[in-house]
Amino acid sequence: MTATAAVTDGRRLRGDSTRRAILSRAMQLASAEGLEGLSIATLAGDLGMSKSGLFAHFGSKEELQLSTIRAARRVFSDEAITPALAVKGGILRLRALLETWFDYIGNDTFPGGCILMEAAAEFDNRPGRVRDLIAETMGMWMDLLVEEAGHAMGRGEVVPGTDPVQLAWELHAFGLGLNWDRQLNNSPDARERAKAAVETRLAMAATPKGRRRLAKA
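A few points on the structure.

## As for the packing of aromatic side chains
Centre distance and the angle of the planes are the two values used to describe a pair of aromatic rings. Under the definition given, this model contains five aromatic pairs. Ring centres 6.5 Å apart and planes at 85 degrees place the aromatic pair Y104 and F110 in the edge-to-face group. Taken individually, Y104 and F110 each receive the classification buried, so the pair is uniform in this respect. Grouping aromatic residues by their ring pairs yields a cluster made of F76, W101, F102, Y104, F110 and W141. One Lys or Arg, R126, reaches over the ring of F123 and ends 4.4 Å from the middle of that ring.

Here you go:
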């Protein structure tokens, strides 16, 4: 490696590290104050950076918002999805996805709760690139739940004729309720109530085979 290449590589690494640090703080602020309250000026002031320095990384408020959502999506994937993928597919993985999601909601990763849920509520009626990225992200999560519900039915663990989309929709609603109850009411038993709701709904949808697997896990 030439001296010039080494310097260039070092600058790139420092730039990537700075960008990660900026986005980490941006996610924290956006979860508590909303994406609309996130701007290059306010974030620069919070981080003690110059606006021009922050602008060099993102270029506009919209790009900062989009980058923040992408960073939040990676956190969501790491904390709410990846751990559940180690569980056998079907009804057990479907339950595991809900449990790891509930853990993510309740582990104080973000001070204002799930940033993706907050952003969805904030931008649900505001057309544009930010809304499109949020909708795409949440759609991918819902598709995963629907897919596992379908696998569970294909494995004989869920009653034939069950609508996987409807089942996933209902299970997802329990997570929304958990986030709401935890953030608005600071409810200490919100997670246990959400977990109980999932267990009841899965038991209703499960075949005897599915209920045996849920009971043994």
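More follows now that the structure is in view.
## Looking at the environment of V158
Residue placement: V158 occurs in the loop between helix 7 (129-154) and helix 8 (164-185). A C-alpha to C-alpha distance of 5.1 Å links V158 and T207, two positions 49 residues apart in sequence. Excluding its chain neighbours within four sequence positions, the residues that come into contact with V158 are I91, A152, M153, A205, A206 and T207.

## Comments concerning the packing of helix 8 against helix 9 (residues 190-205)
Packing of helix 8 against helix 9 brings their axes to within 9 Å, and their N-to-C directions diverge by 170 degrees. One element, helix 8, and the other, helix 9, form an angle in the roughly antiparallel class. Contact with helix 8, carried on its side by L167, E170, L171, F174, L178, D181 and R182, involves A190, R191, A194, A197, V198, R201, L202 and A205 of helix 9 and no other residues of that element. Grouping the amino acids of the contact of helix 8 with helix 9 by side-chain chemistry returns ten nonpolar, no polar and five charged.

## Examining the pattern of salt bridges
Considering all chains together, one arrives at 13 salt bridges under this definition. Between R93 and E148 there is a salt bridge, with its nearest N and O atoms 3.4 Å apart. You can see R93 sitting in helix 5 (residues 91-106) and its partner E148 sitting in helix 7, a full 55 residues away along the chain. Given the relative accessible area of 2%, E148 is considered buried. Residue D189 is joined to R193 by a salt bridge in which the shortest nitrogen-to-oxygen separation is 3.2 Å. Using a relative accessible area of 31% as the deciding quantity, one classes D189 as partly exposed. Each of E36, K61 and R126 takes part in a single network of salt bridges with overlapping partners.

## Side note on the environment of D124
Checked against the element boundaries, D124 lands in the loop between helix 6 (115-123) and helix 7. Overall, D124 belongs to the partly exposed group, its relative accessible area being 47%. In the structure, D124 is positioned ten residues away from I134 in sequence and 8.7 Å away in space, judged by C-alpha atoms.

## Looking at the side chain of D181
For D181, the position within the fold is in helix 8. Buried charge without a salt bridge: D181, with R193 as the nearest opposite-charge side chain at an N-O distance of 5.4 Å. Contact partners of D181, with chain neighbours within four places excluded, come to N186, S187 and A190.

## A look at the side chain of S67
Checked against the element boundaries, S67 lands in helix 4 (residues 61-81). Side chain to side chain, S67 and R19 meet in a polar contact 3.1 Å long. Setting aside anything within four residues of it in sequence, one finds S67 in contact with R19, L23 and F58.

The rules behind the values
- Residues numbered from 1 in each chain as written.
- Predicted model: local features only at pLDDT ≥ 70, side-chain atom pairs only at ≥ 80, totals over all residues.
- Heavy atoms only, no water.
- Phe/Tyr/Trp six-rings, centres within 6.5 Å; stacked < 30°, edge-to-face > 60°.
- Buried < 20%, exposed > 50% of the residue type's maximum accessible area, 1.4 Å probe, protein only.
- Lys NZ or Arg CZ within 6 Å of the ring centre and 35° of its normal.
- Helix = DSSP H or I, 4+ residues; strand = E, 2+ residues; numbered from the N terminus.
- Contact = heavy atoms within 4.5 Å.
- Axes fitted to C-alpha atoms, helices over the stretch in contact; angles between N-to-C directions.
- Parallel < 35°, antiparallel > 145°, perpendicular 65-115°, else oblique.
- Nonpolar A, V, L, I, M, F, W, Y, C, P; charged D, E, K, R; others polar.
- Salt bridge = Lys/Arg side-chain N within 4 Å of Asp/Glu carboxyl O.
- Lys, Arg positive; Asp, Glu negative; His and termini not counted.
- Polar contact = N/O pair within 3.5 Å; in protein donor to acceptor, adjacent residues only side chain to side chain.

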